[in-house]
Amino acid sequence: MDGDIEKFQSFGDVNAPDGNVILEKGDDRFGSVFISPPFSDSEKFSDYPNFSPDGDTEKESYLNFKSDTDKNLKEIGEVTSDIKDSKENDSYNSVAEVITKPVEIYNEKSKDGIEEVGNETLLNIVKEEREEESSTEIIKKQEEERKLNFNLFENSMEIENVKKEKEEKINLAVTEQNQLKKKEERAHKDKRSSHDKRHSSHKSRHECRRCYERSKIRRANVGVQCRIDKSVKTDRGASHKDMDMRKLKYKQYMHIEVYPNGGASVVHMYQHEIAHLSDKETEELAKEFFQVVYAEDENGHAKHVMGIVHDAARYLPDLLDYMADNYPLLTVQNGAIGKTSDVETCTMASYREQVVNTYKCGTFRYGPLHTVSVVGTVPEEVGGYFPKLLSLLEQNVFLRLTMPWGSLSSVPMENPMESNDGPILWIRPGEQMIPTGETGKSPFKRKSRGANELRNLQYLPRATEAREILFEDRTRAHADHVGYGPDRQTTGAVGVLKAVYGGKDAPLSAAENRITKDVIAFHGADFDTVVEKLQLDLHEPPMSQCVGWLEDAKLNQLRREGVRYSRIQLLDNDIYFLPRNIVHQFRTVTAVTSIAWHVRLKMYHPDITKLVKEGKRNNNMQEVKEVLCRSGAIRYVSQSATHQNYDLPNSPVKLKTRVTKIENEDGDVTDYGVKKRDRL
């Protein structure tokens, strides 16, 4: 029988005759098992030598053996299913009870010499299950350890974050304390008196000899190339250092605005806010205003680029109409629009007529009026002495104080004709595009027929000819200077703007004042840098000091290099004040009449102020005037210069009135007859 079983065990994984699946030989789950042969009960046994085809006993024994083995296999399958169910439901108490049950069943069923099988297989299954359980427990322990480690890591991170927050709070507190200390130190330094400064310099003398010698060096103004009188000891006068607005009486009327793109500041004041003040209060306000506008730091640099009193010149008439009505025969010079090199000569009345004919919507298409002197002329100058116009200007307290002969000026003058710094008057038409047909022809241009004969034979399309031209009404960057040669130095300037309306009525409210000038002004502390970057020739006239016009691209480049500037729009009826060392450029937006002059303030020229005081004390003002004439501060006026006073009745620039005596109907001669206006 054992031999037959071995025979059948030689078969592989095949299907039994009854359709059941026979386990494979050497299966790990149950070890060696009995399998059925691959034929049915009715088949012959001829292929199997151990079974006799005619022997019934052997056949019956085989069938009995087959039935027993099938039952054993079924019971073993049930036991294994119970084991699996018990694993899933955790219904068994110990693995040993499960192991003994299938073994006992198998021992009871093993009859007729059938050997016991399956014990080793079941033991292997149990071992594997134990190993799996132990591996699952190890995995669970590892997961628990990972969770613990993760929790510990989170706790440590929270602790570190708390520490960082505490450190940041401590650092913020420390920085705030340091900033407060620095502010207190700065305030303490600012409050130090001059005695403390002298004491500190005296103390430093014992520490370092070079530092002491360096402290004694006087700092000169950056815009001054040479002093007027080398024999006079110069000090930088009262420059209103560290001007505190809180100490001013009329500070509420002053508005300081900083241009955000450039970083420079402008002082604004509005006429309608100060109109209710009395004459005395207005004069006090004007003095405080100039203290702020012309204030300088410890290095002699102006703190602001400009001061403006808006709508302060409204009381003045239209200056073009005023000059044409009162001085119609005054000879003036004007340029040809579109042709800067051409100069025409005409009278003031004819110029006004051309302006009125071409004026429209804020601009006129006629040449600009060149400068006209208001305080007398020297050779190659145009103008005269107009005392009535000067008296109109001096009605404004801001202008009266800052006239070249005003109370703030360092130069004493007995007569405005002695002024070598203006005022001067000029008119600009405004920047515009002009069609070529309206530009006119130059009176100096001759027709050259021979040179153009060959050119006329060529075909010249219309596209090659310009249909319109751009008239640039601009004054390039410059700085206001006084003096000549080695005595040339920067100074302050004052200007009055009156828009041209071409015979039409001016607006009545300040809100309707139109923009007349677009200004770029650089900070005084950046004077040297601007002169270097723009290649300014300070010894040239204002129109030719700079070689190019400054657009936004160049301004942005200068700003990146630390240069501060401000863009300002000046309106009709504005009065503006420029400190020294302010490089500025003007662009005329609409037609405007300008009156401007230089002012040598006492704070800018302390040497002249000291010289004048000594002259008054010693009663030798004549010698002082001679010194000022040699330096160019004033000019010599002869007695014969009175003919330049064009406000006299017999002035040659006026339309005179001829009075004739006639008889009336009764034959009496009247004292006053018909007045005829004749041009003599």
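Residues numbered from 1 in each chain as written. Predicted model: local features only at pLDDT ≥ 70, side-chain atom pairs only at ≥ 80, totals over all residues. Heavy atoms only, no water.

Asker: Mind showing me how you'd approach unusual backbone geometry here?
Answerer: A cis geometry characterises the amide bond from glycine 422 onward to proline 423, with omega recorded as 10 degrees. Turning to its location among the elements, proline 423 is positioned in the loop between α12 (397-401) and β9 (424-428). Of note in this structure, glutamine 535 is not a glycine but carries a positive phi near 55 degrees. Residue glutamine 535 is classed as exposed on the basis of its relative accessible area of 60%. Positive phi values are uncommon outside glycine, yet asparagine 573 reaches one of about 70 degrees. Assignment of secondary structure puts asparagine 573 in the loop between β17 (565-571) and β18 (575-578). (Helix = DSSP H or I, 4+ residues; strand = E, 2+ residues; numbered from the N terminus. Buried < 20%, exposed > 50% of the residue type's maximum accessible area, 1.4 Å probe, protein only.)

Asker: Is there a simple way to think about the packing of aromatic side chains in this case?
Answerer: The description of an aromatic ring pair uses the distance of the two centres, along with the angle that the planes make with each other. For the structure on display, the rule yields 15 aromatic pairs. With a centroid separation of 5.8 Å and 90 degrees between ring planes, the pair formed by phenylalanine 289 and phenylalanine 398 is classed as edge-to-face. Here the residue phenylalanine 289 occupies a position in helix α8 (residues 279-293), and phenylalanine 398 occupies one in helix α12, the gap between them amounting to 109 residues. In this structure, phenylalanine 289 and phenylalanine 398 share a single accessibility class: buried. (Phe/Tyr/Trp six-rings, centres within 6.5 Å; stacked < 30°, edge-to-face > 60°.)

Asker: What exactly am I supposed to notice about the pairing of β18 here?
Answerer: Taken residue by residue, a regular strand's side chains alternate between the two faces of the sheet. Residues of β18 alternate between two faces, with Ile575 and Phe577 on one and Tyr576 and Leu578 on the opposite face, all of them buried. Inspection of the sheet shows strand β3 (residues 306-310) paired to β18 by 3 bridges, in the antiparallel sense. Bridge pairing in β18 links glycine 307 to phenylalanine 577. As judged from the 4 bridges shared by strand β15 (residues 492-499) and β18, these two strands associate in the antiparallel manner. Counted as the bridge partner of alanine 493 is leucine 578 from β18. (Pairing = 2+ DSSP bridges.)

Asker: What is the right way to read α8 from this model?
Answerer: Residues lying three or four places apart along an α-helix face the same way, a consequence of the helix completing one turn every 3.6 residues. Taking 1.5 Å per residue, 15 residues should reach 21 Å; α8 reaches 21 Å between its end C-alpha atoms and fits that length. If you check which residues of α8 are buried, you get Thr282, Leu285, Ala286, Glu288, Phe289, Phe290, Val292 and Val293. As for α8, its buried residues are in contact with β1 (255-258), β2 (265-270), α7 (271-274), β3, α12 and β18. (Expected span 1.5 Å × (residues − 1). Contact = heavy atoms within 4.5 Å.)

Asker: Would you take a moment to explain the sheet that holds strand β19 (residues 584-588) for this structure?
Answerer: Two orientations exist for strands paired in a sheet by backbone hydrogen bonds: parallel and antiparallel. Spatially, β12-β19-β16-β17 is the arrangement adopted by the 4 strands of the open sheet, whose pairing is antiparallel. Only two strands of the sheet have a single neighbouring strand rather than two, namely β12 (474-478) and β17. For this sheet, the mean angle separating the axes of adjacent strands, direction not counted, is 15 degrees. The pairing of strand β16 (residues 515-522) with β17 spans 7 bridges and is antiparallel. The residue bridging isoleucine 520 from the neighbouring strand is arginine 567, located in β17. Here helix α15 (residues 552-560) sits on the sheet in contact with β16 and β17, set at roughly 140 degrees to β17. (Axes fitted to C-alpha atoms, helices over the stretch in contact; angles between N-to-C directions.)

Asker: Teacher, can you tell me more about the side chain of histidine 481 here?
Answerer: Of note, histidine 481 is situated in strand β13 (residues 481-482). Taking relative accessible area as the criterion, histidine 481 reaches 6% and is therefore assigned buried. Discounting chain neighbours no more than four positions away, the residues touching histidine 481 are Arg488, Gln489, Thr490, Thr491, Leu538, Gln545 and His598.

Asker: What is the right way to read the nonpolar core from this model?
Answerer: General note: in soluble globular proteins, nonpolar side chains tend to be found buried as a group. In this structure, Phe289, Tyr294, Leu330, Phe398 and Phe577 are the most contacted members of the largest nonpolar core, which totals 78 residues. Here the element with the most residues in this core is α8; it accounts for 6 residues. One finds Ala264, Ala302, Trp426 and Tyr576 within the second-largest nonpolar core, a separate group that totals 19 residues. (Core = buried A, V, L, I, M, F, W, Y, C linked by side-chain atoms within 4.5 Å.)

Asker: Looking at this model, I keep getting lost on the pattern of salt bridges. Mind explaining?
Answerer: Between side chains of opposite charge, a pair can form when the charged atoms approach closely. Tallied over the full model, the rule gives 18 salt bridges. Of the charged contacts in the structure, one is a salt bridge between glutamate 472 and arginine 474, with a shortest N-O distance of 4.0 Å. Judged by its relative accessible area of 45%, glutamate 472 is partly exposed. The shortest N-O distance in the salt bridge between lysine 533 and glutamate 561 comes to 3.3 Å. Of this pair, lysine 533 sits in helix α14 (residues 527-534) while glutamate 561 sits in the loop between α15 and β17, placing them 28 residues apart in sequence. According to the relative accessible area criterion, lysine 533 is partly exposed, its value standing at 38%. A network of salt bridges, in which partner residues are shared, links Glu431, Glu472, Arg474, Asp518, Glu551, Asp552, Arg567 and Arg587. (Salt bridge = Lys/Arg side-chain N within 4 Å of Asp/Glu carboxyl O.)

Asker: Honestly, a negative patch on the surface in this entry has me stumped. Any pointers?
Answerer: Side chains of Glu128, Glu131, Glu132, Glu133 and Glu137 sit close together on the surface and give a patch of like negative charge. Owing to a relative accessible area of 46%, glutamate 128 belongs among the partly exposed residues under this scheme. (Patch = residues over 30% accessible without salt bridge, like charges linked within 9 Å, V, L, I, M, F, W, Y side chains within 5 Å. Areas by Shrake-Rupley, 256 points an atom, 1.4 Å probe, with all protein chains shown as cover. Lys, Arg positive; Asp, Glu negative; His and termini not counted. Charge placed at Lys NZ, Arg CZ, Asp CG, Glu CD.)

Asker: Whenever I open this one, the packing of helix α9 (residues 319-326) against helix α11 (residues 387-394) confuses me. Can you help?
Answerer: To characterise two packed helices, one gives the angle between the axes of the helices and the distance between these axes. It is the contact of α9 with α11, at a shortest axis distance of 12 Å, that shows an interaxial angle of 150 degrees. The pairing of α9 with α11 is recorded here as roughly antiparallel in orientation. Relative to α11, the crossing made by α9 is right-handed. Together, Leu319, Tyr322 and Met323 of α9 and Lys388, Leu389 and Leu392 of α11 make up the contact between the two elements. Residue classes in the contact of α9 with α11 are distributed as 5 nonpolar, no polar and 1 charged. (Parallel < 35°, antiparallel > 145°, perpendicular 65-115°, else oblique. Left-handed = near helix turned anticlockwise from the far one by under 90°. Nonpolar A, V, L, I, M, F, W, Y, C, P; charged D, E, K, R; others polar.)

Asker: Please explain a positive patch on the surface as it appears in this structure.
Answerer: Side chains of Lys602, Lys613, Lys616 and Arg617 sit close together on the surface and give a patch of like positive charge. Among the structural elements, lysine 613 can be located in helix α16 (residues 606-618).

Asker: For this particular structure, what's the right way to read the environment of asparagine 420?
Answerer: Secondary-structure assignment places asparagine 420 in the loop between α12 and β9. Judged by relative accessible area, asparagine 420 falls into the partly exposed class, the value being 30%. Separated by 209 residues in the primary sequence, asparagine 420 and cysteine 629 place their C-alpha atoms 9.5 Å from one another. Ignoring any residue separated from it by four or fewer positions in sequence, one finds asparagine 420 in contact with Gly632, Ala633, Ile634 and Arg635. Within polar-contact distance, the side chain of asparagine 420 engages the backbone oxygen of glycine 632 at 3.0 Å. (Polar contact = N/O pair within 3.5 Å; in protein donor to acceptor, adjacent residues only side chain to side chain.)

Asker: I tried to follow helix α17 (residues 621-631) on my own but got confused; where do I start?
Answerer: Listing the buried residues of α17 in full gives Val624, Lys625, Leu628 and Ser631. Each buried residue of α17 sits inside an arc of 125 degrees when the element is viewed along its axis, so together they form one side. For α17, the exposed residues lying more than 90 degrees away from the buried face are Gln622, Glu623 and Arg630. (Arc of directions from axis to C-beta.)

Asker: How do you make sense of the environment of serine 350 when you look at a structure like this?
Answerer: Relative to the helices and strands, serine 350 is located in helix α10 (residues 348-358). The class of serine 350 is partly exposed, set by a relative accessible area of 26%. Note: C-alpha distance between serine 350 and proline 328 (22 residues apart in sequence) is 8.0 Å.

Asker: So what exactly am I meant to see when it comes to the packing of α16 against α17 here?
Answerer: Where α16 meets α17, the axes come as close as 8 Å, and the angle between the chain directions of the two elements is 155 degrees. On the basis of their axis angle, the class for α16 and α17 is roughly antiparallel. Where α16 abuts α17, its residues Ile608, Leu611, Val612, Gly615 and Lys616 lie against Met621, Val624, Val627 and Leu628.

Asker: Would you mind going over the confidence of the model for the protein with me for this structure?
Answerer: One rule of thumb: low pLDDT means the predicted coordinates there are not for detailed reading. Confidence in the prediction of the protein, expressed as mean pLDDT, is 75, and 65% of residues score 70 or more. Within the model, pLDDT remains below 50 along residues 105-117, and this stretch shows 16 contacts once partners closer than five positions in the same chain are excluded. (pLDDT = per-residue confidence, 0-100.)

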